[in-house]
Amino acid sequence: MKLMMDLVANHTSDEVAACLVLWGAWADYRAHTTQHEWFIQSRSAKDNPKRDWYVWRPGKQVDGKRLPPNNWKSVFQGSAWDYDERTGEYYLHLYVSKQPDLNWDNPAVRDAIWEVMRFWINRGCDGFRMDVINIISKTEGLPDAPVVDDSQYYQPASMYFANGPRVHEYIKQMHAEVLSHHDLITVGETPFTHDASQLAAYVLPQNKELNMVFHFELMDIDSPDYSPLVQKAWTLTEFRDVIRRWQQYKRDEGYWNAVFIENHDHARSVSRFGNDSEEWRSMSAKMLCILEVTQTGTLYVYQGQELGLKNFPRTWGIEEYKDVATQNYYALVKAQRQEAEGKDDVDMSDLLDHFQQKARDHARTPMQASSCSSYTPTIHYHWDSSPNGGFTTGTPWMRLNDDYVEWNAAAQLGNPHSVHAFWKHAIEVRKQHDVLVYGDFKLKLPDHPQVFVYTRALGDSEAIVLMNFSVSVVEVDPAEVGSLEGYRLILGNYGADRTEGSGELILRGYEGRVYIK
C-alpha cells in the first residue's frame, strides 16, 4: 500500500489538532484548538519577520465607512478579508476566516512549503494531493471583481486568484526543488477552471509540474453558475460529452486524467447520477462503478462509494447540516428573503430540497461499518449497525445516515452480490485488461437519451462498454455500436445473465456491461 498525503499549501489553518476530529473526539478538538504559529507571528506586528508570509492590506474608506481592501467574496460567502484590530489591517482568506491565505510571492514561504513536503517524504509519504493548488498566485494589485450580482457588495473573484500569473512558475519550482528528486504521485485540485488548455498546463509531461489534476467540469454539470449547492437538471448528452472530451484530450502529448465521480466536496454519486431508491440503488451504484473502471486515468474511489452510500434523507432539517458552506449559504438566502418579504418567517423548503441533493455534508457523515457491536474495525469507517455505525463510542461531529443499519461495510463484506464485492471484482477486471486503462476512446450513440456506449481499442484488444442510465428497458441495435461477434462479457452488474435476442441488445434498468475481444 502507498500513502498519498493531502498537502494544503494555499493557506494555513487557524486551528490545529485536526487528527482528533478523525477519531470522533469533537469535544477534545474544541478544547485543544490553537492558531498556527506562522499566523500568530504574522499578525503580532507589522514589522514581524513573518508579516509578509500572509496577504495583509490596509482597508479603504468609502463615504466614511471602513471597507476591506477589495470586494472579493469568500468561497463560503461574505468578505474574503477579516480585519485585525491589533495592527489595523485586513488579511486575505479565500475560504473561512480561520484559513488565512499564504503569500506565495514571498520566497521564504515557498521554501517553508518545500520543507514541509520534504518532512513528509522523509517519513515515507509516496505523493501528494494538493489542495486548491491553482489559486496560490493572485493577480498583482488585487483589483476589485466585476459586479455580477447586484444584490451583494462582495463578488466572485476567481478570475483574479485562480490560475494566476505566477502559478506555473511556482509549481515548476516545486517540481525542481522537491518532486523531481523522488518517485512520487501528484494530483492537484483545480477549482474554478473548466478550460482544457489551462488545466493541461499543469499536467503535460514536458511542463514538469504535476501528474494529473482534479478538475470539476463533470462535478459542476448539475450546478448553476451562482451556487454549487443548488441543483440544476443535467442531461446524459452533457454528461457523455464531458467524459468523451477528457478521455480523448491530448493523449498523444501525455495528458493523464484523474478519474473520479465522488469526493468530500460533493454529494454522493449514486444520488446525483444514479438512482438511490431501494429498488435501483445497488444496481445503479454498480453501473457507475463500470463507468469509472473503464476510463483512462488514475482511478480515485471515495470512502463509501464502494458501498453505494447515498445522501441522507430530505427529512433532516438545516440543523443537521454542519458544513460552513451549507450554513452560510442558507443564512444568506434567508436574510435576502426576509428583507424582500418584510418578515422573519420565510419559506426555505426549496433550498432544503436543493441541499438534500447537492450539499457537501452528504459525503461527510461518519462512515457506517457493521450491524453488531462485536465487529472490530482496524480503522474508523461506515462500519456497522451498532450505535454510531461502529464509527466511535464517543459523539461524532454529525449524525449518521439513517440507513446505516442495513448499508454498512460489515453487511457487505460477506455478501458476494454487494456493491463492495462488485467494486473489488471490477478493479480486478480493470487490472487484467490494459485496454480499459490505455485504449483509445470512441463514443457511440452520442445523442441517445438513455444509453452511454463507447469502445476502447489497444493493439489487438477491443472493448465495448454499454450503460443504461434509466430504469426503463432499452433496446440497442448492435449495428449502431458494432458487432459483438468474437466478444465475451467480462463485467456486468446483472452478472453473467444477459438479455439478447432478435438481433437486439436489450439493456435492463441501470444495466452496465463490458465486452472484450
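Procedures and definitions
- Residues numbered from 1 in each chain as written.
- Predicted model: local features only at pLDDT ≥ 70, side-chain atom pairs only at ≥ 80, totals over all residues.
- Heavy atoms only, no water.
- Helix = DSSP H or I, 4+ residues; strand = E, 2+ residues; numbered from the N terminus.
- Rg over C-alpha atoms; globule rule 2.2 N^0.38 Å.
- Buried < 20%, exposed > 50% of the residue type's maximum accessible area, 1.4 Å probe, protein only.
- Contact = heavy atoms within 4.5 Å.
- Lys, Arg positive; Asp, Glu negative; His and termini not counted.
- Charge placed at Lys NZ, Arg CZ, Asp CG, Glu CD.
- Patch = residues over 30% accessible without salt bridge, like charges linked within 9 Å, V, L, I, M, F, W, Y side chains within 5 Å.
- Areas by Shrake-Rupley, 256 points an atom, 1.4 Å probe, with all protein chains shown as cover.
- Salt bridge = Lys/Arg side-chain N within 4 Å of Asp/Glu carboxyl O.
- 1 Å grid on protein atoms, 1.4 Å probe; cavity = no way out; pocket = protein on both sides within 12 Å on 5 of 7 lines; lining within 4 Å.
- Points joined across faces, edges and corners; volume = space filled by probe spheres on them.
- Nonpolar A, V, L, I, M, F, W, Y, C, P; charged D, E, K, R; others polar.
- Core = buried A, V, L, I, M, F, W, Y, C linked by side-chain atoms within 4.5 Å.
- Pairing = 2+ DSSP bridges.
- Axes fitted to C-alpha atoms, helices over the stretch in contact; angles between N-to-C directions.
- Expected span 1.5 Å × (residues − 1).
- Polar contact = N/O pair within 3.5 Å; in protein donor to acceptor, adjacent residues only side chain to side chain.

### Some words on the overall build of the protein chain
Of regular secondary structure, the protein chain possesses 16 helices and 21 strands. A compact globule built from 517 residues would reach a C-alpha radius of gyration of about 24 Å, and the protein chain, at 25 Å, matches this within 12%. C-alpha atoms of the protein chain, sized along the principal axes, occupy 80 × 55 × 50 Å. The buried share of the protein chain, reckoned over its 517 residues, is 52%. Within the protein chain, residue pairs in contact and separated by at least 24 positions form 68% of the contacts whose partners lie at least 6 positions apart. Between the centroid of the 52 positive side chains of the protein chain and the centroid of its 72 negative side chains there is a distance of 3 Å.

### Remarks on a negative patch on the surface
A cluster of like negative charges, contributed by Glu341, Asp344, Asp345 and Asp347, occupies part of the molecular surface. Among the structural elements, Asp344 can be located in the loop between α11 (324–341) and α12 (349–358). Residue Asp344 is classed as exposed on the basis of its relative accessible area of 63%.

### What to know about empty space enclosed by the protein
If a probe the size of a water molecule is rolled over the atoms, the empty space left behind becomes visible. In total, this model carries three cavities of 30 Å³ or more according to the counting rule given. Of the pockets and cavities examined, the largest cavity occupies roughly 190 Å³. Lining the largest cavity are 15 residues, with His215, Leu218, Ala258, Phe260 and Gln295 sitting closest to its centre. Those elements that provide at least two residues to the lining of the largest cavity are α8 (236–248) and β10 (258–259). Examining the composition of the lining of the largest cavity, we find that four residues originate from one element, α8, more than from any other. Across the lining of the largest cavity, the residue classes tally to nine nonpolar, four polar and two charged. Taken as a whole, the second largest cavity encloses approximately 50 Å³ of empty space. Around the second largest cavity, the lining residues are Glu262, Ser269, Val270, Ala285, Leu288, Cys289, Gln305, Gly308, Leu309 and Trp423.

### A short note on the nonpolar core
Met117, Phe239, Leu291 and Phe452 are the most contacted members of the largest nonpolar core, which has 89 residues in total. Of all the elements, helix α10 (residues 281–293) adds the most residues to this core, at eight residues. When residues no more than four places from it in sequence are discounted, the contact partners of Phe452 are Leu236, Phe239, Arg240, Ile243, Leu291, Leu443, Val465, Leu466, Met467 and Phe469. Among the nonpolar cores identified, the runner-up in size contains 17 residues, and Val55, Phe76, Leu94 and Tyr95 belong to it.

### A look at unusual backbone geometry
Even without a glycine there, the phi angle at Asp63 is positive, about 55°. Mapping Asp63 onto the fold places it in the loop between β3 (60–62) and β4 (65–67). Classification of Asp63 by relative accessible area gives exposed; the value is 82%.

### Description of the layout of surface pockets
A volume near 230 Å³ is recorded for the second largest pocket. Arg57, Asn103, Asp105, Lys138 and Leu142 are, among the 18 residues lining the second largest pocket, the residues nearest its centre. Grouping the amino acids of the lining of the second largest pocket by side-chain chemistry returns eight nonpolar, four polar and six charged.

### Some thoughts on the sheet that holds strand β16 (residues 461–468)
If you trace the five strands from one edge of the open sheet to the other, you get β14-β15-β16-β21-β18, paired in antiparallel fashion. Of all the strands in the sheet, the pair left with one neighbour each is β14 (440–444) and β18 (488–492). With direction set aside, neighbouring strand axes in the sheet form an average angle of 20°. Pairing of strand β15 (residues 451–458) with β16, which is carried by eight bridges, proceeds in the antiparallel orientation. Residue pairing for β16: Ala457 is matched across the bridge by Glu462. Each of β14 and β15 is contacted by α8, which is oriented at about 160° to β14, the strand it contacts most.

### Quick look at the sheet that holds strand β9 (residues 212–214)
Reading across the sheet, the four strands line up as β1-β7-β8-β9 and stay open at both edges, with parallel pairing between neighbours. Each edge of the open sheet carries a strand with a single partner, namely β1 (4–7) and β9. Strand-to-strand twist across the sheet, computed as the mean angle between neighbouring axes with direction ignored, equals 25°. Where β1 meets strand β7 (residues 127–130), four bridges bridge the pair, whose relative direction is parallel. In the sheet register, Asp6 faces β7, and the bridge partner there is Arg129.

### Quick look at helix α14 (residues 419–432)
Taking 1.5 Å of rise per residue, 14 residues should cover 20 Å, and α14 covers 20 Å from first to last C-alpha, within 8% of that figure. Buried within α14 we find Val419, His420, Phe422, Trp423, Ala426, Val429 and Arg430. Buried positions along α14 lie against α10, β11 (298–299), α13 (409–413), α15 (435–438) and β18.

### With respect to the pattern of salt bridges
Opposite charge on two side chains allows them to pair when their charged atoms are near. The tally for this structure, following the rule as stated, stands at 31 salt bridges. Between Arg118 and Glu177 there is a salt bridge whose closest N-O contact spans 3.7 Å. Linking Arg118 in helix α4 (residues 107–122) with Glu177 in helix α6 (residues 167–177), this pair joins segments that are 59 residues apart in sequence. The class of Arg118 is partly exposed, set by a relative accessible area of 23%. Between Lys358 and Asp222 there is a salt bridge whose closest N-O contact spans 3.5 Å. Here the residue Lys358 occupies a position in helix α12, and Asp222 occupies one in the loop between β9 and α8, the gap between them amounting to 136 residues. The burial state of Lys358 is the same as that of Asp222; both residues are buried. Each of Asp6, Arg129, Asp131 and Glu189 takes part in one network of salt bridges that share partners.

### Brief notes about the side chain of Asp403
Relative to the assigned elements, Asp403 resides in the loop between β13 (383–384) and α13. Residue classification places Asp403 among the buried positions, given a relative accessible area of 10%. Apart from residues no more than four positions distant in its own chain, Asp403 is found in contact with Arg281, Lys310 and Gln368.

### Examining α4
In this model, α4 (16 residues) spans 22 Å end to end at C-alpha, consistent with the 22 Å of a helix rising 1.5 Å per residue. Where α4 is concerned, the buried positions are Val109, Arg110, Ala112, Ile113, Trp114, Met117 and Ile121. With a side-chain oxygen lying 2.9 Å from the backbone nitrogen of Ala108, the N-terminal cap of α4 falls on Asn106.

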